[in-house]
Amino acid sequence: MEKVAGWYPAWHVALLYWTWLFLFTFGFTGAEITCRSCHSQVKPQQQQQQHPQRGLLMHLRTDRGEKKQPSFPGEKGGERGRGAGMEEEDDDAGLRATLSAKSSGWETRRFPGGTQENLPRAAATTSTEDHPLRGRGSVPGSVRRRRGRIPRGAAGREPGESGAARFGLEELRLGSTTFALAGDSAHNQAMVHWSGHNSSVILILTKLYDYNLGSITESSLWRSTDYGTTYEKLNDKVGLKTILSYLYVCPTNKRKIMLLTDPEVESSLLISSDEGATYQKYRLNFYIHSLLFHPKQEDWILAYSQDQKLFSSVEFGRRWLLLHEGVAPNRFYWSMMGSGREPDLVHLEAKTVDGHAQYITCKMQNCSEATRSKPFPGYIDHNSLIVQDDYVFVQLTSGGRPHYYVSYRRNAFAQMKLPKYSLPKDMHVISTDENQVFAAVQEWNQNDTYNLYISDTRGVYFTLALENVKSSQGLEGNVMIDLYEVAGIKGMFLANKKIDNQVKTFITYNKGRDWSLLQAPDTDLRGNPIHCLLPYCSLHLHLKVSENPYTSGNIASRDTAPSIIVASGNIGTELSDTDISMFVSSDAGNTWRQIFEEEHSVLYLDQGGVLVAMKHTSLPIRHLWLSFDEGRSWSKYSFTSLPLFVDGVLGEPGEETLIMTVFGHFSHRSEWQLVKVDYKSIFDRRCAEEDYRPWQLHSQGEACIMGAKRIYRKRKSEKKCMQGKYAGAMTSEPCVCTEADFDCDYGYERHSNGQCLPAFWYNPSSLSKDCSLGQSYLNSTGYRKVVSNNCTDGVRERYTAKPQQCPGKAPQGLRIITADGKLTAEQGHNVTFLVQLEEGDLQRSLIQVDFGDGIAVSYANLSSTEDGIKHIYQNVGIFRVTVLVENSLGSDNAVLYLHVTCPLEHVHLSLPFVTTKNKEVNATAVLWPSQVGTLTYIWWFGNNTEPLITLEGSITFTFSVEGMNTITVQVAAGNTILQDTKTIAVYEQFQSLRLSFSANLDDYNPDIPEWRRDISRVVKRALVEATGISSKHILVAVLPGLPTSAELFILPYQDATGEKKRKAADLEQISETLIQKLNQNLVHFELKPGVQILVHAAHLSAAPLVDLTPSHSGSAMLMLLSVVFVGLAVFVIYKFKRATAGHSPEPKERKCNQGSLDRGLPKGLWITKRFQAKTRSGSISTAAEPQSTKEIPSYVNG
């Protein structure tokens, strides 16, 4: 059994990060010790996930330290907390329920009473990206320390009886030995593993971590075979030049040890099967990020790499097999069902090729596509998979709200049911003990608090346990809930609840059915009376815990000492962070006593028969306090002859904890000092039967707790005998059931008179949708027995739900939805429809479904539709899907409008190159493919900040400002948005001229937009060089198709003085100059070496396209005169292109069917017509005239 070395509050996790214990006022670096063998302080649940534990790092104080506290790897994002001696206060530290609040939203943790976390948490010697080895419930924590004043120790006082603690003046001596780790004085980190279970072997890995380099530069491995009296250095056995980074221990066989080398030097594993006596080295071809051991099979391991790959090994790391790629961090689990079936099954969350998250199960030695299973239909939210005990949880967000689903014992998933209007913003699974789910839910109106809910056995129906429990935010965004489960007593919890901005501590003995404040002690430490009257004044406790059962947090309890609770807190109206004292209860929270006036770490020895207290201080110490009577009196013992700066404490694993190792140093430059303290000498003998007395568990006098009377045996306070193994409760007798053994059922709320009545939103007469005529259902009485309550008879029959026959009902509340909850589907793909009915006998009803595309189906019973009704749409459009359910008592119908689309691949914006000011311009979006279904068009003009949104792909627009203007169109098709942007020149007057080229240019024309843009730029440059005309006057656009041609636009130009050349004569003169140079063959360019291209003026389009006479502002008159001639020219060119189609291939359009809507329409038209909405029976479809996919000519201007 592993344990954390250190007595300050540590992280609540199987992988515990040991915080800096003592930091000096002059800013030395700390030393941190990690234990390799710690599990939680309560009895682990069977079948629990087992994780390798890379103990808590202890940071040694040295004068080589930096003046500022170093940032340890793993602290980033809150993997580690602040040091124990730091003055800052961290309310986020060490929570009982620690939960991740990232994007997706939920994560499970174990609070005291659980075991390890689902997945490994980061270790502290490299960055969290490199090696986050995690344990269940591991969340950063630090402990508040009071500094700058003299401690108010209680030693030396002899208070009177009056219930006050008594402190002995005599100093006693404990048997101890000290061993120095010679040669490791520079090492500032250590990791410790104590095998326990009748083993005397202790392993210590010390390291020198260079904070400037961010890496480990030295390491030493030490081994003791005599419970820590002496140690042997093993560097020669692992390789003198080998640098070790981590120490892992198999949780099911502590003899098996795994050492990981520093990946910056080499990636290797060293494996030992004899408790670290000998090692074999194995090379790795990947870098380990985290490990997960099998809960039963000692040689089975899962390894997660830094590149998100999951590997498996059945030989304790000697060989590895790639299991899956793209696995979400910390979202992989072993199968842990109570039945133990399929022990080699692995649960994981993986990313699909399109970026979605999916829940997958497969065998550890075969995770091929053919063997994988997908238990949850569809995708899930990222980082939402949790597998814990018999439950699997996933989250799926739709409609802006998270929805949570659970599978119990790997059955079909069901949506988790909270009260209707809880409307959760965030949910975290805290515990799944005893076949019940404990969840923390932040509702829509909460910010810094959570409500606690408890479920039925299946984890589906939840009822409220406690409102407004305090929460806080951790360093890495973790949500931490102030909830603590008392070890050893089933159903007992402590929680800090926020009431009117005051935080108060409450206790429950029946799993949250009833809560009460804590009664403050009658007297203080000095015996003075305390006047504290409930409910105005009470005892309040800090509930931050240590995962290690042998180190103390703010609160501690043990399975083997069920009545003893030790905690820090204060007395008053609310929980405070000042004037903190230590309190103990020896009757399970009914009464409390003050034992110290300042914070101490309290450890349990000999099954809680002895309490060991060490004061929190940054000064060297040589004393500790022991109590044999549950904290009523304390004796002072010295454990070392010289004062020691204590860095950590490690207790012997196992039930009989009688040996303790204290880690520290005598000075800032000294080597590690390991003080072995043996407590066996303080006992006279082993306890006999007459040394014990019975003790009745009760709650303020009520002996029936969770439906049973339990009597334990305790050692008599005056006896100093050794208890040995824990025997549990002496007797347990079931109680007669009363109303107190029942909580309100789902949909019911407890009123002031104690009755459970239906909530306003709940209809008790509504039947389960699975209820069919001839079957039976459980008719709730409004009450349900508290899970794990053992009461019998009494009112059980009255409050238990009664089976009743399902009555026949007319169908009501009919719904039809798609399986993925979407209203869109892709053409040619399966669509799964689900038919849901709130009331009525669906299995005995006739179901008729019309898919809206001319196809309809009928079902005579539900069995055919349990997995959904599947259909494939062959055409795009909007389809009206109708469903009718009828039986002999009535009928109901529902409608769904489904948008079937074809993937949009390309958008091209078609518009003129040049237009006249204040004249309408037609812009058309040409789609590829042309038929894709329902679309939305977003148009952006120039510098306008507000777009124009249309359902048609063609619009008209008027430009009132001359110059170059841009038009952008975005086309939204489902989740896809594509866009195209074009520039249009706007002038009051201009001229144009058609250009042609020498025939050899056609041989090099690939007829693609990029080539046309480049040729346009070259032609423009040639025209400027040949004529000397300013480039501002010229715009060239090469046209698509063959033979190659272009359009030359002659534009007005505004010079530096701001004057414009607007006269027609100016443009005419430029036009004549251009035509003259073109006719003289003076305009040419070199396409490639040896290939000269001449540019000519084409005769068919030499006339200007715009009327330039003073009496007209546009081109209407001239166009009327030339339209016939120009039209004839275009027709001739078009025919020529058709004849040369082999040289000008048109792109092949993807086939997206639109039924018969496009029949009989002309093909290949250059001029695009507006989209027209057409409908036909059974669907609403958007039809369009077929569009040519040819590009508009490219042009260059400027």
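What you see is a predicted model, and the numbers here were worked out from it, not measured in a lab. (Residues numbered from 1 in each chain as written. Predicted model: local features only at pLDDT ≥ 70, side-chain atom pairs only at ≥ 80, totals over all residues. Heavy atoms only, no water.)

Looking at this structure, how should I read the overall build of the protein chain?
What the protein chain contains, in helices and strands, is five helices and 77 strands. In the protein chain, buried positions account for 57% of the 1198 residues. For the protein chain, long-range pairs separated by at least 24 residues make up 61% of all intrachain contacts whose partners lie at least 6 apart in sequence. Within the structure as shown, the protein chain displays about 49,000 Å² of accessible surface, and the carbon and sulfur contribution to it stands at 50%. (Helix = DSSP H or I, 4+ residues; strand = E, 2+ residues; numbered from the N terminus. Buried < 20%, exposed > 50% of the residue type's maximum accessible area, 1.4 Å probe, protein only. Contact = heavy atoms within 4.5 Å. Areas by Shrake-Rupley, 256 points an atom, 1.4 Å probe, with all protein chains shown as cover.)

I'm lost on the sheet that holds strand β45 (residues 692-696) in this one. Help?
Backbone-to-backbone hydrogen bonds pair the strands of a sheet. The strands run either parallel or antiparallel. Spatial strand order, β45-β46-β47: three strands in an open sheet with antiparallel pairing. Looking at the sheet topology across the chains shown, the edges are occupied by β45 and β47 (731-734). Sheet twist, expressed as the average angle between the axes of neighbouring strands with direction ignored, equals 20 degrees. Across four bridges, the pairing between strand β46 (residues 708-715) and β47 is antiparallel. The partner of alanine 708 across the bridge, within β47, is proline 734. (Pairing = 2+ DSSP bridges. Axes fitted to C-alpha atoms, helices over the stretch in contact; angles between N-to-C directions.)

Teacher, can you tell me more about the environment of serine 585 here?
As for its position among the elements, serine 585 is in strand β36 (residues 581-585). The class of serine 585 is buried, set by a relative accessible area of 0%. As a C-alpha pair, serine 585 and serine 563 span 22 residues in sequence and 7.3 Å in three-dimensional space. For serine 585, the residues in contact, after removing those within four places along its chain, are Ser563, Ile564, Ile565, Asn590, Thr591 and Trp592.

Sorry if this is basic, but what is going on with the state of the cysteines here?
Two cysteines whose sulfur atoms are joined by a covalent bond form what is called a disulfide. Scanning the entire structure with this criterion turns up six disulfides. Here cysteine 532 engages in a disulfide with cysteine 537; their sulfurs sit 1.9 Å apart. Between cysteine 532 and cysteine 537, the disulfide has an S-S torsion of -105 degrees and is therefore left-handed. You'll find cysteine 532 and cysteine 537 in the same group, each marked buried. There is a disulfide in this structure between cysteine 737 and cysteine 791, and the S-S distance comes to 2.0 Å. Residues cysteine 737 and cysteine 791 are joined by a disulfide whose S-S torsion is about 95 degrees; by sign, that bridge is right-handed. Placement of cysteine 737 in the loop between β47 and β48 (742-744) and of cysteine 791 in the loop between β52 (783-785) and α2 (796-799) is noted, with a sequence separation of 54 residues between them. (Disulfide = S-S within 2.5 Å.)

Can you walk me through the environment of tryptophan 592 in this structure?
Within the secondary structure, tryptophan 592 is located in the loop between β36 and β37 (593-596). Sequence-wise, tryptophan 592 and alanine 567 are 25 residues apart; in three dimensions their C-alpha atoms are separated by 10.0 Å. When sequence neighbours within four positions are dropped, the list of residues in contact with tryptophan 592 reads Leu518, Gln519, Pro521, Leu539, Leu541, Ile565, Phe583, Val584 and Ser585. Of note is the side chain of tryptophan 592, whose polar atom sits 3.2 Å from the backbone oxygen of glycine 589. (Polar contact = N/O pair within 3.5 Å; in protein donor to acceptor, adjacent residues only side chain to side chain.)

Looking at this model, I keep getting lost on unusual backbone geometry. Mind explaining?
The general pattern is negative phi for most residues beyond glycine and trans for most peptide bonds. Cis geometry marks the peptide bond from tryptophan 928 to proline 929; its omega dihedral reads -5 degrees. Of the consecutive residues leucine 1042 and proline 1043, the connecting peptide bond is found in the cis state with omega at -5 degrees. A positive phi angle, near 65 degrees, is found at arginine 410, a position not held by glycine. Position of arginine 410 among the secondary structure elements: in the loop between β22 (401-408) and β23 (414-415).

Quick question: what am I supposed to make of the confidence of the model for the protein chain here?
Fine structural detail should not be taken from predicted coordinates in areas where pLDDT scores are low. Residues at a pLDDT of 70 or more form 73% of the protein chain, whose mean pLDDT is 76. Scored below 50 in pLDDT, residues 1100-1150 makes 62 contacts in the model with residues more than four places away or belonging to other chains. Note that residues 1154-1198 has pLDDT below 50 and, in this model, 118 contacts with residues that lie over four places away or in other chains. (pLDDT = per-residue confidence, 0-100.)

Whenever I open this one, the pattern of salt bridges confuses me. Can you help?
Any two side chains of opposite charge can pair, given that their charged atoms come close. In this structure the tally under the stated criterion is 31 salt bridges. Taking the shortest distance from any N to any O, the salt bridge between glutamate 266 and lysine 281 comes out at 3.2 Å. Taken as a pair, glutamate 266 in the loop between β10 (257-261) and β11 (268-272) and lysine 281 in strand β12 (residues 280-283) lie far apart in primary sequence, 15 residues in all. Residue glutamate 266 is classed as buried on the basis of its relative accessible area, which comes to 14%. Linking lysine 498 and aspartate 448 is a salt bridge whose minimum nitrogen-to-oxygen distance equals 2.5 Å. Taken together, the positions of lysine 498 in strand β30 (residues 493-499) and aspartate 448 in the loop between β25 (438-442) and β26 (449-455) put the pair 50 residues apart, joining distant regions of the chain. (Salt bridge = Lys/Arg side-chain N within 4 Å of Asp/Glu carboxyl O.)

Whenever I open this one, the packing of aromatic side chains confuses me. Can you help?
Each aromatic ring pair is specified by the distance between its two centres and by the angle formed by the two planes. For the structure on display, the rule yields 33 aromatic pairs. Measuring from centroid to centroid gives 5.8 Å for phenylalanine 286 and tryptophan 320, while their planes differ by 85 degrees, and the two rings are edge-to-face. Remark: tryptophan 320 occurs in the loop between β15 (309-313) and β16 (321-325) and phenylalanine 286 occurs in the loop between β12 and β13 (288-293); sequence separation between them is 34 residues. With respect to class, phenylalanine 286 is no different from tryptophan 320; both count as buried. Taken together, a centroid distance of 4.3 Å and an interplanar angle of 45 degrees make the contact between tyrosine 783 and tyrosine 799 tilted. In this pair, tyrosine 783 is assigned in strand β52 and tyrosine 799 in helix α2, connecting sequence segments 16 residues apart. We note that tyrosine 783, like tyrosine 799, is buried. Aromatic ring contacts, followed pair by pair, group Tyr461, Tyr746, Tyr748, Trp761 and Tyr762 into a single cluster. In this structure, lysine 497 is placed above the aromatic ring of phenylalanine 506, and the distance from its NZ or CZ to the ring centre is 5.9 Å. (Phe/Tyr/Trp six-rings, centres within 6.5 Å; stacked < 30°, edge-to-face > 60°. Lys NZ or Arg CZ within 6 Å of the ring centre and 35° of its normal.)

So what exactly am I meant to see when it comes to the side chain of histidine 1033 here?
With respect to the secondary-structure elements, histidine 1033 resides in the loop between α3 (1009-1027) and β71 (1034-1038). For histidine 1033, the side chain forms a polar contact with the main-chain oxygen of leucine 1051, separated by 2.8 Å.

Sorry, what's going on with the sheet that holds strand β43 (residues 659-665) here?
Overall, antiparallel pairing links the four strands, which are arranged β4-β44-β43-β42 in an open sheet. The open sheet is flanked by β4 (175-181) and β42 (645-651), the only strands paired with a single partner. The mean angle between the axes of side-by-side strands here comes to 20 degrees, regardless of whether they run parallel or antiparallel. When β43 meets strand β44 (residues 672-678), the two strands line up antiparallel, connected through six bridges.

Help me understand α3 in this model?
In an α-helix, one turn spans 3.6 residues, which is why side chains three or four residues apart end up on the same side. Helix length check: α3, at 19 residues, gives a terminal C-alpha distance of 27 Å against a target of 27 Å (1.5 Å per residue), a fit within 8%. Of the residues making up α3, those classed as buried are Pro1009, Trp1011, Arg1012, Ile1015, Ser1016, Val1019, Lys1020, Ala1022, Leu1023 and Thr1027. For α3, the angular spread of the buried residues around the axis is 165 degrees, confining them to a single face. Backbone geometry just downstream of α3 places glycine 1028 in the positive-phi region, at approximately 75 degrees. (Expected span 1.5 Å × (residues − 1). Arc of directions from axis to C-beta.)

How do you make sense of the nonpolar core when you look at a structure like this?
Nonpolar side chains in soluble globular proteins tend to end up buried together. Counting 30 residues, the largest nonpolar core has Leu221, Leu259, Tyr279, Leu291 and Trp320 as the members making the most contacts within it. Mapped onto this core, the elements with two or more residues apiece are β6 (202-210), β9 (244-249), β10, β11, β13 and β14 (301-305). The biggest single contributor to this core is β9, with five residues. Core analysis: the second largest hydrophobic core is formed by 28 residues, Phe376, Val406, Met416 and Ala439 among them. (Core = buried A, V, L, I, M, F, W, Y, C linked by side-chain atoms within 4.5 Å.)

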